[in-house]
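Notes for the structure review
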Protein chains: 2
Amino acid sequence: MRYTQMLLPTLKENPAEAEVVSHRLMLRAGFMRKLTSGVYTYLPYGLAAIRRVENIVREEMNRAGAQELMMPMVQPADLWRETGRYDKYGPELLRFHDRHERESCLGPTHEEVITDIVRRELHSYRDLPINLYQIQTKFRDEIRPRFGLMRGREFLMKDAYSFDVDDAGAEVAYRKMYDAYKRIFSRCGLKFRAVQADSGAIGGSFSHEFMVLAKTGEDTIVVCGDCEYAANMEKAVVKIAEIDNTEPLADLEKVETPGKRKVDAVCEFMGIAPSQLVKTMVYLADGKPVAVLLRGDREVEDVKLKNLLGVADVELAEDKAVFDATGVPTGYLGPVNIPIRVVADQEVATMRNFVVGANEKNYHLKNVNLGRDFEVEAVADLRQITTEDPCPQCGGKLELTEGIEVGHVFKLGTSYSESMKAVFQDSEGQEKPFVMGCYGIGVSRVVAAAIEQNHDDNGIIFPVPLAPFQVVVLNLGVNDGVMTEASEKLYRELQEAGFDVLLDDRDERPGSKFKDADLLGMPFRVTVGKSFTKNGTMEIRRRRDGFTEEAGPDAIVALLKSRINEELARS
Amino acid sequence: MRYTQMLLPTLKENPAEAEVVSHRLMLRAGFMRKLTSGVYTYLPYGLAAIRRVENIVREEMNRAGAQELMMPMVQPADLWRETGRYDKYGPELLRFHDRHERESCLGPTHEEVITDIVRRELHSYRDLPINLYQIQTKFRDEIRPRFGLMRGREFLMKDAYSFDVDDAGAEVAYRKMYDAYKRIFSRCGLKFRAVQADSGAIGGSFSHEFMVLAKTGEDTIVVCGDCEYAANMEKAVVKIAEIDNTEPLADLEKVETPGKRKVDAVCEFMGIAPSQLVKTMVYLADGKPVAVLLRGDREVEDVKLKNLLGVADVELAEDKAVFDATGVPTGYLGPVNIPIRVVADQEVATMRNFVVGANEKNYHLKNVNLGRDFEVEAVADLRQITTEDPCPQCGGKLELTEGIEVGHVFKLGTSYSESMKAVFQDSEGQEKPFVMGCYGIGVSRVVAAAIEQNHDDNGIIFPVPLAPFQVVVLNLGVNDGVMTEASEKLYRELQEAGFDVLLDDRDERPGSKFKDADLLGMPFRVTVGKSFTKNGTMEIRRRRDGFTEEAGPDAIVALLKSRINEELARS
């Protein structure tokens, strides 16, 4: 493509409307323009990047045995009433009446439509398993659309739905999609992790989120630098070091600690490290008090506590509630003779001769030991993971990072098929509900996430598989016959060799062309400039790291080919 | 693809909801299923056919220098207010309020959105010409959706918009699209014509409709069997034979014709042919009477008369109005001394010594001649064309046929750019409105039209370029090791040779497989049946005409290749 013939309007300034990097760069690099809140037109450059993702998704879905179809965007309310979602979904579901006053909505997702098709067309276990997908425009009327394609109202999504005879079948389908997703995001050239996740409002039994790692993500996740382990903070399993603690048990002592209520103050006063103290936190679990013990320098992870206690809600008790429940002012609580339920983080069980509150104002106990001095109801993993903890899978070094959700796989079970009476006959002639899964990829969001992960101060740094053009050729002498002839020849040769190439044939200053090339983020730039006239060489520059090399025009095509193959092999 | 793994639900019976052939066959052949009125899910087989069209359209649009982008389906009302169409468009424009009570609509077309983009991004004549297109889902809330994909509410459309500096540029753009459309429909393997058309509600200066020829079309068109000429009935130019009429002028005679008012009755009574009589029809042109003369066996074409008179409306006058205007009862009217305006069809000027009414009850005149006995205000082409008229372009034989509109090219001019203040600076620094064109193809409709044109009693007959699979292999012995092995081997070989192939590996009776193969309409069928076990041969059958031939398994791939190339060369 020639730049002069392409609608590729770059902006020098950061648009005021853009709050995050990808949004800013996508506007500046002529990817898209806003039509109305959360609704964008994809201009040719942006659409080309989206198509790259779309094609990779389609190939891998087909490879996994899924079949493509296309469901409508306009859907009748009645179908949504069958699952109860017409009322439950909230105002994100855009509802309207058509000219005949029929209640309708714009599809934000297609569980109802696909389940309707399957219940009408498939009736026997012989028809299963089946996985049906589409790549289609969705609309969700977000209350506050923002961040460009990261949280838009109209967006392109791949959604797939699997139907199986039983749970075991559904798990095979789930695993196939999980593997396909891994291939998809790898092929996109992205750093990502699959993390186990809560399934959220869509319902179902278990799910994974696929997160593109980027500093600007919305979710905090824990990843291992040495293996594939990844988890949302609240789900990350803490694996404590196995300590063979042979320290002899010392005698229990009561110590006066006047006015020392905080961990740091007590430690300083007593000359110990926070790792030698056990703090006692009182929580209200569905309103009832429970004491949680954990090492002085640790934090409770509410979700883990909730799961252990089997309650809907946990909340740190305020001072008054603590006093009401225990008769002890906050700061001097301890597990010895405390009048409420006590649970302990697993780490406490490995500690000896630690310090706790004495359940008496201005006093603490030292040389306390679990088992000898007090008992607990349960010992479990109750704290937040830290980067000092080893990877629970391989023992490797953990990192905290931010992630952008780009894909989600759900094992739905039979909730939709049961409410919609979608049944088949099994091999014994019994009627059974289909066991379903659903699998989404935010196709347009992947492009935004790729940019969040791959950019620098000058602009986008496209992974090769997502770049609209792999190469941009800068003709720095559009009014110079020699440079123009060489640029045009190279442009033709690159096209013939199968490259997608942009020829910057604009009558602009070199500085402006360099700036735009960086902003647009194509993986390689070839400059035909003064050194061509002087020495007969062109410059190849790799966008990612600025690595440059010179070569004669006859060597460029082969050199670019091998450089691009290197990039593809890297990811 | 294996039939057993594909969602391809065929129906044996004609569905009650289907009124036309394509609708019936698309439901029976598992193309699609209705979700709600005029809204369909495209199942995998139907989507594959649509994608064939889509790919051809995209390739030819790109070849013509157009750039693909993607505009939103949800559009703000305010943009539509700028052109006045928010109020003018009628209830086909589906309007709604979003959660923030903003007035919005679902885009039935995108003139407003594209003009908004262009006015924001392009400011100089140097940026022009440009042609931007998308392949996108549209919604038009038709009052009575019917005929399946022929008149649906939600459908897939390619819409392109060109922007030029002046009329001459716009005409070049128009011609490029016209040529691209011819290539597109040729490549689809369809018989079609481009006919000059009224531009309809969308506004603009001139337009062509691309019509797929089919007996079940909605429009009547005149086509030449010998050249490319085609026109809508109302626009078809009549070219009358040049007659060197040397018959001497005879003396005017008044003849009593008691009670003879109709052309046939007068002719029979006077012993003449209708071609020797000139009838005088009184029309009300915007309410004022005008007499129209034409040969006894011809019909007036209202649109031509309207255009000649430059009026908004013409209407045949009722008897009372005729008498009020002329004082003569209907049936005895003639041009000699008639007290109202007279215009004549061109054919009348070639006639001599003809019969007309005498403007007196029960009398006609014979041997009347234009110029000697009366004058007219204008002589013009005013009548409907017939299949007896020669082609106005080449003199060839004309036919009347029905057509299905699948594409439309419009030269829009500056109506949109003026109302939306979309301007650029020309080479002299003057502000000018963009000169626009717009160009649509009903992508999903093309598939329906292709089926209307290509089917028989047994099902669809796909043109090779649109067929989801070029070949279906029927394994008639899924429980027979030899036949199955041969079928599977052929299936693999065909795939490796680049064919899109369906393997019918279902455990069904041969009759059922043959029926489905015919219904689905793939261009070639290969049967692996008893003759393979007996003689080691397979049968190739061409769907179009039932031509069959036998060949050994090693020869099938090459034979199919050459047969398919023959088909492609035919169209």
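Residues numbered from 1 in each chain as written. Chains lettered and ligands numbered in written order. Predicted model: local features only at pLDDT ≥ 70, side-chain atom pairs only at ≥ 80, totals over all residues. Heavy atoms only, no water.

Some remarks on the relation of the copies chain B and chain A
- Mapping chain B onto chain A calls for a rotation angle of 179° and an axial translation of 0.1 Å; the resulting RMSD is 0.4 Å. A rotation of that kind, with that shift, is consistent with a two-fold axis. Residue Phe96(B), judged by its C-alpha, is the member of chain B lying nearest the rotation axis, at 3.0 Å.
- Most of the interface of chain B is mirrored in chain A: 100% of its interface residues are interface residues there too. (Least-squares fit on C-alpha atoms with pLDDT ≥ 70 in both. Contact = heavy atoms within 4.5 Å.)

Concerning the interface of chain B and chain A
- Contacts between chain B and chain A engage 54 residues on the former and 54 residues on the latter.
- Surface buried jointly by chain B and chain A totals about 4700 Å² across both partners, of which 62% is contributed by carbon and sulfur atoms.
- For the interface between chain B and chain A, the tally reads six salt bridges.
- Where chain B meets chain A, there are 22 residue pairs in polar contact (both at pLDDT 80 or more).
- Here the element with the most residues in the side of chain B that touches chain A is helix α5 (residues 111-121) of chain B; it accounts for five residues. (Buried area = accessible area lost by both parts, 1.4 Å probe. Salt bridge = Lys/Arg side-chain N within 4 Å of Asp/Glu carboxyl O. Polar contact = N/O pair within 3.5 Å; in protein donor to acceptor, adjacent residues only side chain to side chain. Helix = DSSP H or I, 4+ residues; strand = E, 2+ residues; numbered from the N terminus.)

Digging into the pattern of salt bridges
- For the coordinates displayed, the defined rule picks out 110 salt bridges over all chains.
- For Arg525(A), the salt bridge identified is with Glu539(A), shortest N-O distance 3.2 Å. Taken together, the residues Arg525(A) in strand β29 (residues 524-528) and Glu539(A) in strand β30 (residues 538-542) connect sequence positions 14 residues apart.
- Between Arg563(A) and Glu549(A) there is a salt bridge whose closest N-O contact spans 2.4 Å. Placement of the pair is Arg563(A) in helix α15 (residues 553-570) and Glu549(A) in strand β31 (residues 548-551), with a sequence separation of 14 residues. Grouping residues by exposure puts Arg563(A) and Glu549(A) together as buried.
- Shared partners join several salt bridges into a network, and the residues in it are Arg51(A), Glu54(A), Arg58(A), Glu68(A), Arg51(B), Glu54(B), Arg58(B) and Glu68(B). (Buried < 20%, exposed > 50% of the residue type's maximum accessible area, 1.4 Å probe, protein only.)

Here we look at the nonpolar core
- Membership of the largest hydrophobic core comes to 74 residues, with the highest contact counts inside it found for Leu106(A), Phe163(A), Phe434(A), Leu106(B), Phe163(B) and Phe434(B).
- In contact with Leu106(A), not counting residues within four places along its chain, are Met73(A), Val74(A), Leu93(A), Leu94(A), Phe96(A), Phe139(A), Met73(B), Val74(B) and Leu106(B). (Core = buried A, V, L, I, M, F, W, Y, C linked by side-chain atoms within 4.5 Å.)

Regarding the packing of helix α2 (residues 44-63) of chain B against helix α11 (residues 443-453) of chain B
Residue and element names in this part refer to chain B.
- Here α2 crosses α11 at 115°, and the two axes come no closer than 9 Å. By the angle class used here, α2 and α11 are roughly perpendicular. In this structure, α2 crosses over α11, and the sense of that crossing is right-handed. Each of Ala49, Ile50, Val53 and Glu54 in α2 lies in contact with α11, whose residues at this interface are Val443, Ser444, Val446 and Val447.
- In terms of residue class, the contact of α2 with α11 is made up of six nonpolar, one polar and one charged. (Axes fitted to C-alpha atoms, helices over the stretch in contact; angles between N-to-C directions. Parallel < 35°, antiparallel > 145°, perpendicular 65-115°, else oblique. Left-handed = near helix turned anticlockwise from the far one by under 90°. Nonpolar A, V, L, I, M, F, W, Y, C, P; charged D, E, K, R; others polar.)

Some points on the confidence of the model for chain A
- Here chain A averages 94 in pLDDT, while 98% of its residues score no lower than 70.
- A low-confidence stretch, residues 199-204 of chain A stays under pLDDT 50, and its non-local contacts, those more than four residues away or across chains, total 13 contacts. (pLDDT = per-residue confidence, 0-100.)

Describing the sheet that holds strand β5 (residues 95-97) of chain B
Residues and elements named next belong to chain B.
- Within the open sheet, the three strands sit side by side as β4-β6-β5. Their pairing is antiparallel. Each of the sheet's edge strands pairs with one partner strand only, and the pair in question is β4 (74-76) and β5. Ignoring which end each strand starts from, the neighbouring axes of this sheet average 40° apart.
- Note that β4 and strand β6 (residues 103-106) share three bridges and pair antiparallel. When the sheet's bridge partners are listed, Val74 is paired in β6 with Leu106. (Pairing = 2+ DSSP bridges.)

Structural notes on the packing of helix α2 (residues 44-63) of chain A against helix α6 (residues 167-187) of chain A
All names here are of chain A.
- Their axes nearest at 9 Å, the elements α2 and α6 cross at an angle of 150°. In terms of their interaxial angle, α2 and α6 are classed as roughly antiparallel. Between α2 and α6 lies a crossing of right-handed hand. Between α2 and α6, the residues in contact are Ile56, Val57, Glu59, Glu60, Met61 and Arg63 and Met177, Ala180, Tyr181, Arg183, Ile184 and Arg187, respectively.
- When grouped by side-chain class, the residues that make up the contact of α2 with α6 number seven nonpolar, no polar and five charged.

Concerning the domain arrangement of chain A
All names here are of chain A.
- Domain annotation of chain A identifies domain 1 (3-237 + 400-452), domain 2 (253-380) and domain 3 (469-570).
- Distance between the C-alpha centres of domain 1 and domain 3: 37 Å.
- Between domain 1 and domain 3, the contact holds 11 residues from the first and 12 residues from the second.
- Of all residues in domain 1, Tyr3, Thr4 and Tyr45 give up the largest surface area on contact with domain 3, accounting jointly for 53% of the area buried on that side.
- At the junction of domain 1 and domain 3, the tally comes to one salt bridge. (Domains from an automatic or database assignment.)

Topic: unusual backbone geometry
- Cis geometry is found at the peptide bond from Leu128(A) to Pro129(A), where omega equals -5°.
- In this fold, Pro129(A) is placed in the loop between α5 (111-121) and β7 (130-139).
- Even without being a glycine, Asn359(B) presents a positive backbone phi close to 60°.
- Within the secondary structure layout, Asn359(B) lies in the loop between β18 (354-357) and β19 (363-368).

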